[in-house]
Amino acid sequence: MNDVSVIISRLTESFLLNCRLFALTLAFSLPLGLVIAFGSMSRFQPIRWLVRTFVWVIRGTPLMLQLIIIYYGPGLLSMAFSWPSGISGRFVAATVAFIINYACYFSEIFRGGIESIPQGQYEAGQVLGMTKMQIFFRIILLQVIKRIIPPVGNEVITLVKDTALARIISNKEIIMMAGEYTNKGLIWPLFATGIYFLVFVGVLTLLLGWVEKKLGYFRV
Amino acid sequence: MPILEVKDIEKRFGLLQVLQNISFSLEKGETIAIIGSSGSGKTTLLRCLNFLERPDKGRIIVNSEVIFDAADPSTQRENEVREKRLHFGLVFQNFNLFPQYTVLKNVTLALELLANKRPDYKQRKKAIQVEIQDRARALLSQVGLSDKLDYYPHMISGGQQQRVAIARALALEPDILCFDEPTSALDPELTGEVLKVIRELAERNTTMIIVTHEMDFARDVADRVIFMDEGVIVERGSPQEVFGNPKEERTRQFLTRYNQK
C-alpha cells in the first residue's frame, strides 16, 4: 500500500483530475470571457450594468466560496435543479464554478485588449466596406490576442494551481490525495505534488513563449 | 453633370458646430484641395463623406443618386451604407495599415472579402483570386512598391506605408478618393514620395478630394481650392484665384501665416 510506485501512480491519477479541470475551464472560459467582454462594452446600458455587476460579484468573492455555493446551493435552497450524485456531480459543479470565475477574469483582459486597439483600425475596415464581424475577426482579434498573451498567461498559470481548490467539494485532486498519506504520517507525497505543478507550469510557460514568438512577426 | 454634390451639410458635436452650410460639387476627374487651419472642419467633412460621421443635416449625392439624406433614415441603414461608402475611398493621416498582414495582403484583403459575395465566386474561385492578386500587384507597382510585397507594415517607412494605404484605397476603385492630410504624419523628407504618387493620380484624372497643409502642392495639383474656417466654406475658386488673389480677409490672413512659416 505504501509502496513508492503505488503512491506515485495514485498521485498521477489524481493529478489527471486537475488536468481535466484545467483543460475544460480553459476551453469554455476563454470564449465565454469574450462574450462577457462584449456584454461589459455593450452600448445598451442595462446589459452593461448587469454584466459589470456580475463580474464584480464573481471577482469580488473567493473562488472557494463560489465552489461551495454552486455545489451545495441548489440542494440547500431546495431548487428543482440538482447536480448528479457522486463523483461526476462534484466534478461538473467544480468545472462550472471554475469556468464562470475564470471567464470573468478573462473578460476584463479581453476588454482591455479590445479597447487598446486604435479606432483607426476599425475605420480603415469600415471605409473598405467590411462588416463589423469581418473587422473584428479579420483585423482586430489577432492584434488583441498578441497584446493580451502576457496577462492571459498569468491567469492560465494561476488556474493550474487553483484547480487544487476543487477539493473543497470533495474532488479527489492531487493535494487531497497526498493529504491522505500525510494523515497516515507519510509527508513526502505532499511535497511531491509540488513537482507536478512545477512541471505543468514549466511546460505552459514554454508554450506561451512559443505563441508569443509566433506572433512576433508583426507589431501593434 | 457632377459626380458628387454635397448639399448643405451640417454637423455638431454636442454644442460645438463643426460644419455649417457646406455645399460644393465635384466633376469627374477633378481634384479639389481643401485647406484651412486645424479645427476648421476639413477632416470632419471628409469623415462625413465616408460615413465615419453622420451629418445632422444635408444631403450627399453621387452620380445623381442620393446616398445620404439626414432627413431620410432609409438612406442610413447599416447594410446599404456599407455598399454606398464604396463610392468613396479614404487615405488616413496615420495610414492605418493592418499590422498583421503583408503589404500585398493589406491591398487584397477587402477585395477578397467582397469577392466572397459574388454569385460566381464558387465556380471561379481560382481565377478571381488570381485577378485580385494581379490587380494588387499592379497597384503596388504603380505606387513604386513592387519590391515590398511581402513586407509587414512595421518594416517599411512611413512614406511607404502611406503609399500602400493609397494602393489599398485604389483597389476598390472608388469614384472619389479622399485624402485626410496624407503627409502630416510624415517626416519632411518622406512627404515628397507620397505627394508624387498623388500628383500622378491627378495626372490620370482620378477624382480626388485632398485635405492638406501642403500649400504649394495644393496650388500645383488641385483644379479647385476650398478654404474652410470655423466650419464654413469661406472661399472657393481656382488655385490662381484663392492663392494669388484671395477675396476674403480670413483667407488672406491664413495664407500670410502660412507663407511666414
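See the structure above.
Residues numbered from 1 in each chain as written. Chains lettered and ligands numbered in written order. Predicted model: local features only at pLDDT ≥ 70, side-chain atom pairs only at ≥ 80, totals over all residues. Heavy atoms only, no water.

1. Thoughts on the pairing of strand β9 (residues 224–229) of chain B
Residues and elements named next belong to chain B. Within β9, 5 of the 6 residues are buried, which leaves the element mostly enclosed by the surrounding structure. Pairing geometry for strand β3 (residues 31–35) and β9, over 4 bridges, is parallel. Bridge pairing links A33 to V225 in β9. (Buried < 20%, exposed > 50% of the residue type's maximum accessible area, 1.4 Å probe, protein only. Helix = DSSP H or I, 4+ residues; strand = E, 2+ residues; numbered from the N terminus. Pairing = 2+ DSSP bridges.)

2. Description of the sheet that holds β9 of chain B
Residue and element names in this part refer to chain B. With respect to topology, 6 strands assemble into an open sheet ordered β6-β7-β8-β3-β9-β10, the strand pairing being mixed. Edge strands, defined here as strands with exactly one partner in the open sheet, are β6 (88–91) and β10 (232–237). Strand-to-strand, the axes of this sheet are offset by a mean angle of 20°, without reference to chain direction. Here strand β7 (residues 176–180) pairs with strand β8 (residues 208–211) via 4 bridges, running parallel. Across the sheet, the residue bridging to L177 is M208, located in β8. Most of the contacts of helix α5 (residues 158–171) go to β6, to which it runs at about 170°, and overall it touches β6 and β7. Docked against the sheet, helix α6 (residues 188–203) engages β3, β7 and β8, running at close to 150° with respect to β8. (Axes fitted to C-alpha atoms, helices over the stretch in contact; angles between N-to-C directions. Contact = heavy atoms within 4.5 Å.)

3. With respect to the nonpolar core
Residue and element names in this part refer to chain B. Judged by nonpolar contacts, the single largest core of 127 residues is most densely connected at L4, F24, L140, I166 and I209. Residue contacts for I209: discarding those within four places in its chain leaves L4, F24, L26, I32, I34, L46, L49, I176, L177, C178 and F179. Among the nonpolar cores identified, the runner-up in size contains 13 residues, and I35, A222, F243 and F254 belong to it. (Core = buried A, V, L, I, M, F, W, Y, C linked by side-chain atoms within 4.5 Å.)

4. Re the layout of surface pockets
In this structure, the largest pocket occupies an estimated 1100 Å³ of space. Taken together, 29 residues form the lining of the largest pocket, with R43, Q119, Y122, Q126 and K132 of chain A sitting closest to its centre. Those elements that provide at least two residues to the lining of the largest pocket are α4 (86–115), α5 (119–127) and α6 (132–162) of chain A together with α1 (42–49) and α2 (78–84) of chain B. If one sorts the elements of the lining of the largest pocket by residue count, α5 of chain A sits on top with 4 residues. Per-class residue counts for the lining of the largest pocket are 14 nonpolar, 5 polar and 10 charged. Counted as a void, the second largest pocket has a volume near 370 Å³. (1 Å grid on protein atoms, 1.4 Å probe; cavity = no way out; pocket = protein on both sides within 12 Å on 5 of 7 lines; lining within 4 Å. Points joined across faces, edges and corners; volume = space filled by probe spheres on them. Nonpolar A, V, L, I, M, F, W, Y, C, P; charged D, E, K, R; others polar.)

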